[in-house]
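Structural characterization, general
Single-letter residue listing:
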Amino acid sequence: MGLTERVDAAIDAALVTRIVGCVVLVRQNGTDIYARAAGYADREAKRAMTRDAIFRLSSVTKPFVATAVLRMAELGLLRLDDPVTKVLPWFTPPSPDGRIHPISIRQLLSHSSGISYDVPANISPGLSGPLISLEENLRRLAKVPLAFAPGTGWTYGMGLDVLGGVIATINGSSLEAAIAKFVCEPLGLADSHFYVTDTKRLAVPYADGRPPGTMADLGEVADDTGGIVVFSPSRIFNADAPQSGGAGMASTADEVMALLDIYNGSGQLLKPANIADALANQIGALPRRESDAGKRFGLIGAVIDDQQAAKTPCPVGAVDWGGVWGHNWIIDPVNRLTIVTCTNVALEGCMGPFREAIRDAVYG
């Protein structure tokens, strides 16, 4: 079978039982080599999934914010090794020993700052939480002790939310306006916002199950570590929710592809040297989770360091990540290949077997 037949078969095998709807895009050398919308955007209304469907992004928001940071660095508006306190002087969370250590923008991008997602209920981690301003959310976060001193460990957390506050402050605007100015407008992205541009195209979210079930507000879904992820589908409509740089945007698969493919040389938003830096290991030999074996971390996602340990056909140097609303992506600079998979099923589309099925089908 060729690539098209393999990917079609992987999608067809998952539809109904594990996936309600999806959009899968594969681009090589800047040209689409596979594109398909399948299943339902709204199963109950029998509304078919379409290629221009809008999805809640969760952590797929992060590369939008990271790209804005990198663009602003190129324009001389910030430096990656600047301390966060240069822009937010009050953001001084203590290390476990009680001391205050500077946190750099680079450490926020690479999740080596010590900021985690283990936060009190009075802080919004992005998918749910109190309806407060972004600044107030970050001021509360600044009082939470770090998991470790900056630069001494790795943990996935709210670092990109902090960066959202950094770039909004530098731009003298909302985070929405900063992302639009430095990323979305230059790339011509019309549907990538902290709100929904067309509710008729918004995909209805579903939760893991066989078949997937409808998701209530607030919906609780167990992750692969035994933890619980709390989702609020209505949050994208609430202007009072803090604009979460780690989880708050909505977009289409094509616009996510347009963003990610700049790291494979499409467009001229970033310089080649800075693209290479973004895709490179930024955390050295810092230990990561057992589930992240064979992977380091760059400025926008996980970097394949050992194919065998990572159990992946992706070459060393490829970068991947996803979002818990049901998405995953791969940037492969060796083969100049970019893969975007958007589903409306949490968490299956992000970290379930469907992720590997699409990846393996593309690589054959």
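Please read these numbers as outputs of a predicted model, since none were measured by experiment.

Next up on the list: the overall build of the protein. From N to C terminus, the protein includes eleven helices and 15 strands. When its C-alpha atoms are laid out on the principal axes, the protein stretches across 55 × 40 × 40 Å. A buried classification covers 57% of the 364 residues belonging to the protein. Sequence-distant contacts, at least 24 apart, represent 66% of the contacts inside the protein between residues at least 6 apart. Distance between charge centroids for the protein: 2 Å, based on 32 positive and 38 negative side chains.

To continue, consider the layout of surface pockets. In this model, the largest pocket occupies a volume close to 1,400 Å³. Around the largest pocket sit 48 residues that line it, and Tyr156, Asp224, Arg289, Val324 and Met351 are the ones nearest its centre. Residue assignment for the lining of the largest pocket shows that the elements contributing at least two residues are β8 (228-231), α9 (307-310), β12 (319-323), β13 (327-332), α10 (348-351) and α11 (353-363). It is β12 that contributes the most residues to the lining of the largest pocket, four residues altogether. Of the residues that constitute the lining of the largest pocket, the class distribution is 22 nonpolar, 14 polar and twelve charged.

Turning our eyes to something else, we now look at unusual backbone geometry. Cis geometry marks the peptide bond from Asp217 to Leu218; its omega dihedral reads 5 degrees. With respect to the helices and strands, Leu218 occurs in the loop between β6 (213-214) and β7 (219-222). The amide bond that connects Ala346 to the next residue, Leu347, takes the cis arrangement and shows omega of 10 degrees. Positive phi values are uncommon outside glycine, yet Arg336 reaches one of about 50 degrees. Summarising the element assignment, Arg336 is placed in the loop between β13 and β14 (337-343). Among the residues examined, Arg336 registers a relative accessible area of 33% and is labelled partly exposed.

Here we have three strands laid out as an open sheet, ordered β6-β5-β15, and mixed in their pairing. With partners counted over all chains shown, the strands left at the sheet margins are β6 and β15 (345-346), one partner each. Of the pairings in the sheet, the one linking strand β5 (residues 206-207) to β15 comprises two bridges and is parallel in character. Within the sheet, the bridge partner assigned to Tyr206 lies in β15 and is Val345.

Spatially, eight strands are ordered β3-β2-β1-β14-β13-β12-β11-β10 in an open sheet, and the strand pairing comes out antiparallel. With one partner strand each, in any of the chains shown, β3 (47-48) and β10 (295-297) form the two edges of the open sheet. For strand β1 (residues 21-28) and β14, the ladder comprises seven bridges, and the chain directions are antiparallel. Looking at β14, one finds that Val24 is bridged to Thr341.

Moving on: the packing of aromatic side chains. Counted according to the given criterion, the structure contains seven aromatic pairs. A ring pair is formed by Trp154 and Phe297, whose centres lie 5.4 Å apart and whose planes are at 45 degrees; its orientation type is tilted. Here Trp154, found in the loop between α4 (134-141) and α5 (159-171), pairs with Phe297, found in strand β10; they are 143 residues apart in sequence, far enough to count as distant. When the centroid spacing of 5.2 Å and the interplanar angle of 85 degrees are considered together, the rings of Phe297 and Trp321 count as edge-to-face. Of this pair, Phe297 sits in strand β10 while Trp321 is found in strand β12, placing the two residues 24 residues apart along the sequence.

Turning next to the environment of Thr338. Mapped onto the secondary structure, Thr338 falls in strand β14. When its relative accessible area of 0% is taken as the criterion, Thr338 is described as buried. When the C-alpha atoms of Thr338 and Ile170 are compared, they prove to be 31 Å apart, with 168 residues separating the residues in sequence. When near neighbours in sequence (up to four residues on either side) are disregarded, Thr338 contacts Leu25, Val26, Arg27, Met257, Leu260, Asp261, Asn264, Ile330 and Ile331. Engagement of the side chain of Thr338 in a polar contact is seen with the side chain of Asp261, the distance being 2.6 Å.

What counts and how
Residues numbered from 1 in each chain as written. Predicted model: local features only at pLDDT ≥ 70, side-chain atom pairs only at ≥ 80, totals over all residues. Heavy atoms only, no water. Helix = DSSP H or I, 4+ residues; strand = E, 2+ residues; numbered from the N terminus. Buried < 20%, exposed > 50% of the residue type's maximum accessible area, 1.4 Å probe, protein only. Contact = heavy atoms within 4.5 Å. Lys, Arg positive; Asp, Glu negative; His and termini not counted. Charge placed at Lys NZ, Arg CZ, Asp CG, Glu CD. 1 Å grid on protein atoms, 1.4 Å probe; cavity = no way out; pocket = protein on both sides within 12 Å on 5 of 7 lines; lining within 4 Å. Points joined across faces, edges and corners; volume = space filled by probe spheres on them. Nonpolar A, V, L, I, M, F, W, Y, C, P; charged D, E, K, R; others polar. Pairing = 2+ DSSP bridges. Phe/Tyr/Trp six-rings, centres within 6.5 Å; stacked < 30°, edge-to-face > 60°. Polar contact = N/O pair within 3.5 Å; in protein donor to acceptor, adjacent residues only side chain to side chain.

Read these as spatial facts, not as claims about activity.
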